[in-house]
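# Survey of secondary and tertiary structure
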Amino acid sequence: MACLLTYTNCLKTSNDLLQLMHATKLPAFNLQLFSGEKTEDATPKRKADARKKGQVAKSVEVNSAIGIMAAFLALKVIGSFIYDELANYMRFIYSNFSYQDFTLNTVSEIFLNFGIVFLKASLPIMLVILVTSVFINFLQVGINFSFEPLMPQLERINPLSGFKRIFSKRSLVELFKAIFKIIIVSYFVYNFMIEQAGRLPNLIGADLSDSLKLITGLLLTLVFQISGVMLVMAALDFFYQHWEHNQSLKMSKQEVKEEYKQTEGNPQIKGKIKERQRAMAMSRMMHEVPKADVIVTNPTHFAVALKYDNTMAAPMIIAKGQDLLAKRIREIAKEHSVTIVENKPLARALYSNSEVGDIVPPELYKSVAEVLAYVYRLKKKLS
């Protein structure tokens, strides 16, 4: 009686809850709407496809910061060489062309010498920047050749797509980074000018070489300070770019399933193929049963067909089966007058420890030899 009352109260409570839900019109959620959410990490195939398209995690800030630092380090190392080349060129110009008329040959000679000096002064720094940029890109991305980012895409000329890119999360992040860099650089330049303002009047009476050395040293100090801050920002941007890249490659559960079907094949089709393969293997096995010397049975649950001749190291299992398959093996054996021997322990052991095509395990040699000896004696007696 108490159980009945409890069940009745539960029903009343459930009905009251349903009436309350209908009365308040609670929203009904369709769980299928959430199947398209990007909640799964990108698969190796998705990452490989993105890499082929040129979509890799790379921080431009790392290239800029290290490139600037490498360029000014090279300038500091070969600065005296550049100064000597420019000074020699100026002496050459003022000593050889100050009293000559400017003809076509004179102007061409001036520009030719200027080009040579320019290459001597700038080429080492340009090579340092090039090698540094290539090396940093290699460390970040590795070797990856992709021409797809260079291919024209119609969506890029779509005004709506362009408007979305302008106000996208990536654009806002880049805007924030640019503003932050401007603030940092301005702060360091302002502080540096305030600290070094007292040294500038000393340049009034100094020689040109001394003035250049002082100004160059101050500029290099300022650049290295700014580059150090930019390196810290570049490290943060490096981790952000990797996180943002992984987020952009995330997949929904449905996309993972579709990719699995494309790479591994449709499970239903694979099941059909495996089923057909089993049927073909079963057919081949049944064709081998008439060639057996003996069929060892359980007698109803297991059946194992054995064959032996002088070319074999040990008897071979050419067919085996359980229940209905064992029954079919026995029927084929009877049709082709193959001897059937009932030996429960041996049949179970052969079925459990061996596969079709294997030789008999060594621990079963003696039992199998006794069965084959019995079969050979029986055949000899019948003959």
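For the structure itself, consult the block above.
Now for a quick tour of the structure. From a predicted model like this one, the values you see are computed outputs, not experimental measurements. (Residues numbered from 1 in each chain as written. Predicted model: local features only at pLDDT ≥ 70, side-chain atom pairs only at ≥ 80, totals over all residues. Heavy atoms only, no water.)

This part takes up the overall build of the protein. Of regular secondary structure, the protein possesses twelve helices and four strands. Considering the protein as a whole, with its 383 residues, one finds that 26% of them fall into the buried category. Across the protein, contacts joining residues at least 24 apart in sequence account for 74% of those joining residues at least 6 apart. With an accessible surface of roughly 27,300 Å², the protein has 65% of that area assigned to carbon and sulfur atoms. (Helix = DSSP H or I, 4+ residues; strand = E, 2+ residues; numbered from the N terminus. Buried < 20%, exposed > 50% of the residue type's maximum accessible area, 1.4 Å probe, protein only. Contact = heavy atoms within 4.5 Å. Areas by Shrake-Rupley, 256 points an atom, 1.4 Å probe, with all protein chains shown as cover.)

What follows covers unusual backbone geometry. Located in the positive-phi region is Asp323, a residue other than glycine, with phi close to 55 degrees. Residue position: Asp323 is located in the loop between strand E3 (316–322) and helix H10 (324–335). The class of Asp323 is partly exposed, set by a relative accessible area of 38%. In this structure, Ser337 takes a positive phi of about 60 degrees despite not being glycine. Here Ser337 lies in the loop between H10 and strand E4 (339–342).

It is worth spelling out the pattern of salt bridges at this point. According to the stated counting rule, one finds six salt bridges in the structure shown. With its nearest N and O atoms 3.1 Å apart, the salt bridge here joins Lys177 to Glu174. Highlighted residues: Lys177 and Glu174, both in helix H6 (residues 169–196), separated by three residues, approximately one helical turn. Judged by relative accessible area, which is 12%, Lys177 ranks as buried. One salt bridge connects Arg328 with Glu331, and the closest N-O pair in it is separated by 3.3 Å. Of this pair, Arg328 and Glu331 both sit in helix H10, three residues apart, which is roughly one turn of the helix. The class for Arg328 is partly exposed, based on a relative accessible area of 39%. Bridged by salt links that share partners, the residues Glu174, Lys177 and Asp237 form one connected network. (Salt bridge = Lys/Arg side-chain N within 4 Å of Asp/Glu carboxyl O.)

With 17 residues, the main nonpolar core has Val294, Leu306, Leu350 and Val368 as its most contacted residues. For this core, the secondary structure elements donating two or more residues are strand E1 (294–297), strand E2 (302–307), helix H11 (344–353) and helix H12 (365–382). In this structure Val294 touches Val304, Ala305, Leu306, Val338, Thr339, Val341, Val371, Leu372 and Val375, once residues within four positions along its chain are discounted. Counting 14 residues, the second largest nonpolar core, distinct from the first, contains Ile295, Ala319, Ala326 and Val338. (Core = buried A, V, L, I, M, F, W, Y, C linked by side-chain atoms within 4.5 Å.)

Moving on, we come to the environment of Leu203. Its place among the elements puts Leu203 in the loop between H6 and helix H7 (208–248). Residues Leu203 and Leu214, eleven residues apart in the sequence, show an inter-C-alpha distance of 8.4 Å. The residues touching Leu203, leaving out its near neighbours within four places in the chain, are Ser211, Leu214 and Ile215.

Attention shifts here to the packing of helix H3 (residues 60–96) against helix H4 (residues 104–141). Direction vectors running N to C along H3 and H4 enclose 165 degrees, while the axes themselves pass 9 Å from each other. It follows from the interaxial angle that H3 and H4 lie roughly antiparallel. Our pair here, H3 against H4, has a crossing hand that is right-handed. The residue makeup of the contact of H3 with H4, split by class, is 22 nonpolar, six polar and three charged. (Axes fitted to C-alpha atoms, helices over the stretch in contact; angles between N-to-C directions. Parallel < 35°, antiparallel > 145°, perpendicular 65-115°, else oblique. Left-handed = near helix turned anticlockwise from the far one by under 90°. Nonpolar A, V, L, I, M, F, W, Y, C, P; charged D, E, K, R; others polar.)

Each pocket or cavity is described by its volume, and for the largest pocket that value is around 460 Å³. Lining the largest pocket are 16 residues; nearest its centre among them are Gly79, Ser80, Tyr83, Leu212 and Thr216. Mapped onto the lining of the largest pocket, the elements with two or more residues apiece are H3 and H7. Here the element with the most residues in the lining of the largest pocket is H3; it accounts for nine residues. Of the residues belonging to the lining of the largest pocket, the class tally is nine nonpolar, five polar and two charged. (1 Å grid on protein atoms, 1.4 Å probe; cavity = no way out; pocket = protein on both sides within 12 Å on 5 of 7 lines; lining within 4 Å. Points joined across faces, edges and corners; volume = space filled by probe spheres on them.)

A few words now on the environment of Ile136. With respect to the helices and strands, Ile136 occurs in helix H4. By relative accessible area, Ile136 is classed as buried at 9%. In sequence terms Ile136 and Val62 are 74 residues apart; their C-alpha atoms lie 7.8 Å from each other. Residues within four places of Ile136 in sequence aside, it is in contact with Val62, Asn63 and Ile66.

Reading across the sheet, the four strands line up as E3-E2-E1-E4 and stay open at both edges, with mixed pairing between neighbours. Every other strand in the sheet has two partners, leaving E3 and E4 as the edge strands with one partner each. Here the average twist between neighbouring strands, direction ignored, is 20 degrees. Strand direction decides the pairing type here: E1 and E2, joined by four bridges, are antiparallel. Along E2, the bridge assignment pairs Ile295 with Ala305. This element, H10, spans E1, E2, E3 and E4 of the sheet and lies at about 125 degrees to E3. Against the sheet, H11 engages E1, E2, E3 and E4, with an angle of about 80 degrees to E2. (Pairing = 2+ DSSP bridges.)

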